Amino acid sequence: MDVNFEHASSHAKMATLRIEQDESIHVLHPNQIVAFQGRSEQREDSLMKLPSMYRKRRLIQSRVRGPAQLMLGLPEGYSMSVVPIGVDDDLLYEFRHVLFYTDGVSFTSHLQNVKNTLITQDLVKMQFKGPGTLGLLTAGPLYQMALDPKQPLYVDINCLIAYPRSAVLRLSVYGNTLASQHMNYHWEMTGHGHVLLQPCKPDRKLDEHMKNDSFLRRIAREVLPFGGIFIK
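Residues numbered from 1 in each chain as written. Predicted model: local features only at pLDDT ≥ 70, side-chain atom pairs only at ≥ 80, totals over all residues. Heavy atoms only, no water.

- The protein chain is annotated in an unreviewed UniProt entry as AIM24 family protein from Paenibacillus silvestris.

Structure representation (structure tokens):
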């Protein structure tokens with residue numbers, strides 16, 4: 001699969017995915033598909049499984065088989081990054097950032113403890129196994145930083161996209177009294193491997209699928225004809 005990026009304006013971007021013969025991808029936000037070149041039967045929409053519905057706040061996902069081309073529209077202020085997933089990949093991801101994954105990728109859930117769930121408002125992290133590819137939607141480009149087993153790395157909890165399952169995490173603040181009283185919660189992290197970060201804190205007004213809409217409104221928007229147009 002080849003991915004090309006194109007700036008449609010100074011802010012918005014497009015990503016064109018060229019899917020080869022015998023390849024297929026699963027798009028978890030089908031509304032971001034703005035153009036498709038291929039046979040009609042190569043796109044198959046289906047209901048997500050219940051756990052994925054809850055985590056993605058969506059009902060429908062699409063599977064697109066190659067050979068075909070897709071153009072994905074990226075919300076204003078957001079970027080898409082393509083991450084290779086290996087057989088032994090141990091990173092835990094925020095599932096809401098996953099835009100698509102290729103065939104060959106499987107995932108399992110990793111439960112957080114109660115304290116971390118209350119702070120992050122996220123009960124589970126997802127671990128992906130390959131071989132395959134993930135497409136991630138982030139606020140700004142995706143960056144990588146190495147962990148150290150002794151020297152802590154402090155990361156704003158709203159900016160952390162993925163981290164090794166073996167990493168040691170502790171909710172923390174740092175700096176002097178004034179700094180610690182006015183900053184957001186951070187993860188104090190030690191261990192081996194690397195973490196993936198987004199450099200900007202998400203603005204939920206930029207992208208509808210990042211909002212915490214009511215469940216009934218989300219169902220009506222996706223199930224009713226033209227629901228995405230008339231139900232705001």
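Read on, since the account is not over.
**Remarks on the sheet that holds strand 14 (residues 143-146)**
Consideration 1: The strand order 11-12-9-16-19-14 describes an open sheet built from six strands, whose pairing is antiparallel. Each having just a single partner strand, strand 11 (106-111) and strand 14 make up the two edges of the open sheet. Within this sheet the neighbouring strands show an average axis-to-axis angle of 30°, counted without direction.
Consideration 2: In this structure, strand 14 lies alongside strand 19 (residues 194-197), joined through four bridges in antiparallel fashion. Among the inter-strand pairings, M145 is bridged to a residue of strand 19, identified as V195. (Pairing = 2+ DSSP bridges. Helix = DSSP H or I, 4+ residues; strand = E, 2+ residues; numbered from the N terminus. Axes fitted to C-alpha atoms, helices over the stretch in contact; angles between N-to-C directions.)

**What about the packing of aromatic side chains?**
Consideration 1: The full count for this structure, using the stated rule, is six aromatic pairs.
Consideration 2: For the ring pair Y93 and F128, a centre distance of 5.6 Å and an interplane angle of 80° mean the geometry is edge-to-face. Note that Y93 is positioned in strand 9 (residues 91-93) and F128 in strand 12 (residues 124-129), a separation of 35 residues in sequence. By the burial criterion, Y93 is buried, and F128 matches it.
Consideration 3: Judged by centre distance (5.6 Å) and plane angle (40°), the ring pair of F95 and F107 falls under tilted. (Phe/Tyr/Trp six-rings, centres within 6.5 Å; stacked < 30°, edge-to-face > 60°. Buried < 20%, exposed > 50% of the residue type's maximum accessible area, 1.4 Å probe, protein only.)

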